[in-house]
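Take a look at the letters that make up each chain.
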Amino acid sequence: MGAEAMQQLAAEDNGFDGLTEDDLVDDAEIDTMIRETITQVVGDSTFALSKVQQWAATIPESCLKRLVALNKPFKFVVTCNLTQQAGAGLHSACCTRWNEKTDGKLAVQWENSQVLVLLTVYWMAI
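Residues numbered from 1 in each chain as written. Predicted model: local features only at pLDDT ≥ 70, side-chain atom pairs only at ≥ 80, totals over all residues. Heavy atoms only, no water.

1. Considerations on the environment of threonine 32
Here is step 1 of the chain: The topology assignment puts threonine 32 in helix H2 (residues 27-41).
Here is step 2 of the chain: Placed 76 residues apart in sequence, threonine 32 and valine 108 show a C-alpha to C-alpha distance of 9.6 Å. (Helix = DSSP H or I, 4+ residues; strand = E, 2+ residues; numbered from the N terminus.)

2. Things to note about H2
Here is step 1 of the chain: Helix length check: H2 (15 residues) gives 21 Å between terminal C-alpha atoms against 21 Å at 1.5 Å per residue, within 8%.
Here is step 2 of the chain: All of the buried residues in H2 are Asp27, Ile30, Met33, Ile34, Thr37 and Ile38. In a view along the axis of H2, the buried residues occupy a sector of 130°, so they form one face of it.
Here is step 3 of the chain: Residues of H2 that are buried make contact with helix H3 (49-68), strand E2 (104-111) and strand E3 (115-125).
Here is step 4 of the chain: Residue glycine 43 follows H2 closely and has a positive phi angle near 55°. (Expected span 1.5 Å × (residues − 1). Buried < 20%, exposed > 50% of the residue type's maximum accessible area, 1.4 Å probe, protein only. Arc of directions from axis to C-beta. Contact = heavy atoms within 4.5 Å.)

3. Brief notes about the environment of valine 52
Here is step 1 of the chain: Locating valine 52 in the fold gives a position in helix H3.
Here is step 2 of the chain: Note: C-alpha distance between valine 52 and valine 115 (63 residues apart in sequence) is 9.7 Å.
Here is step 3 of the chain: Leave out the neighbours within four places in its chain, and valine 52 touches Phe47 and Leu82.

4. A closer look at H3
Here is step 1 of the chain: Compared with an ideal rise of 1.5 Å per residue, which puts 20 residues at 28 Å, H3 spans 30 Å between its outermost C-alpha atoms and is within 8% of the ideal.
Here is step 2 of the chain: Helix geometry: H3 is bent most strongly at tryptophan 55, by close to 30°.
Here is step 3 of the chain: On its buried side, H3 packs onto H2, strand E1 (74-84) and E3. (Bend = angle between axes of the 7 residues up to and from the residue.)

5. Overview of the sheet that holds E1
Here is step 1 of the chain: Read across the sheet, three strands follow the order E1-E3-E2 without closing on themselves; strand pairing throughout is antiparallel. Looking along the sheet, the strands with just one partner apiece sit at the ends: E1 and E2. Averaged over neighbouring strand pairs, the angle between their axes works out to 15° when direction is ignored.
Here is step 2 of the chain: Packed onto the sheet, H2 meets E2 and E3 and runs at close to 35° relative to E2.
Here is step 3 of the chain: Of the strands in this sheet, E1 and E3 touch H3, which is tilted by about 155° from E1. (Pairing = 2+ DSSP bridges. Axes fitted to C-alpha atoms, helices over the stretch in contact; angles between N-to-C directions.)

As structure tokens, this is what we get:
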């Protein structure tokens, strides 16, 4: 949910189940944070099977650390899929049941010439 939609809901609802507008998560901020993290970890690297396990551990862990540093009253879940750019597609799907006013999901696709990363962040108010 974008920042404008959250502001509109806040005005209509006079709050988000006890959370203030400052407590809410900003999709754009998370998107930027994720892209910076993946770029720092993978960068312009070529695909190497020997690096995938390290990337698959480092990327979500680094993203979670940065998300927790936001000091928001949310639980975060991060999933990360990596594949070699070889002309094939990568598909991901999810089904969620949560409070649409506060909880959310953001999927980020990042790629260089040889590596494709699909990282998804879920956040739920606590």
